[in-house]
Every structure is written in C-alpha cells, then in structure tokens.
Amino acid sequence: MIESIPWATIGAFTPNGLLMVTIWLILSGKLVPKATLDRETTRGDHWRDTATKNQEIIREQAEAINEQSVVSETVIKVMSAVQEANKSGDDA
C-alpha cells in the first residue's frame, strides 16, 4: 500500500504532504470515514439477524413438515386397514 502512494507528487512528511496522503487514501477508498464504517457495520448486523431469523423459520417449517408426514402415514395406514376390512367384509 505504501509503495502505491505517489510520493513525488505529494511531497515528503510535511503537513501539506500528510494532508495530501490522507486525501489520497480517502479518495482511493483505503481510508473510510467512521460514519461509513458504522453504517456498513449496522447494515451487516441487520442482514445477519435476518439470516438467523430465516434459518429459524426454515427449521420450524422442516419440523412441521416432518410432523405432517407422520400424521399422513398414520392416516394412510388407517385408511388401508379400513379398506382391507371392507374388502374382507364384502367377501364374506
């Protein structure tokens, strides 16, 4: 990073040179203002919270689907038994 600074253009470590380095770092995106950092950090926290909530919803839906499949299997077994009972009752 230091080697990419155009020292010949901005001068040495004089107050004007340091100001030029600071401005150059800000304009090149290597030095970020605190307000921008705070905003991006808050935005990242928001998306992390959203992702966590989505994972929780997905987990709850998977549990509900699993419970429904167990109920469906039970209903299928009961209905099959009823049909078998009707067939054997019709045959008799």
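Residues numbered from 1 in each chain as written. Predicted model: local features only at pLDDT ≥ 70, side-chain atom pairs only at ≥ 80, totals over all residues. Heavy atoms only, no water.

Engineer: Help me understand the pattern of salt bridges in this model?
Structural biologist: Pairing between side chains of opposite charge can happen when the charged atoms of each approach one another. This structure, assessed with the given rule, holds four salt bridges. Across the salt bridge formed by Glu-40 and Arg-39, the nearest N and O atoms sit 3.8 Å from each other. Overall, Glu-40 belongs to the partly exposed group, its relative accessible area being 36%. What makes Arg-39 partly exposed here is its relative accessible area of 44%. Its salt-bridge partner being Glu-40, residue Arg-43 comes within 3.1 Å of it at the nearest N-O pair. Of this pair, Arg-43 and Glu-40 are both found in helix H3 (residues 34-91), three residues apart, which corresponds to roughly one turn of the helix. Linked by salt bridges that have partners in common, Arg-39, Glu-40 and Arg-43 make up one network. (Salt bridge = Lys/Arg side-chain N within 4 Å of Asp/Glu carboxyl O. Buried < 20%, exposed > 50% of the residue type's maximum accessible area, 1.4 Å probe, protein only. Helix = DSSP H or I, 4+ residues; strand = E, 2+ residues; numbered from the N terminus.)

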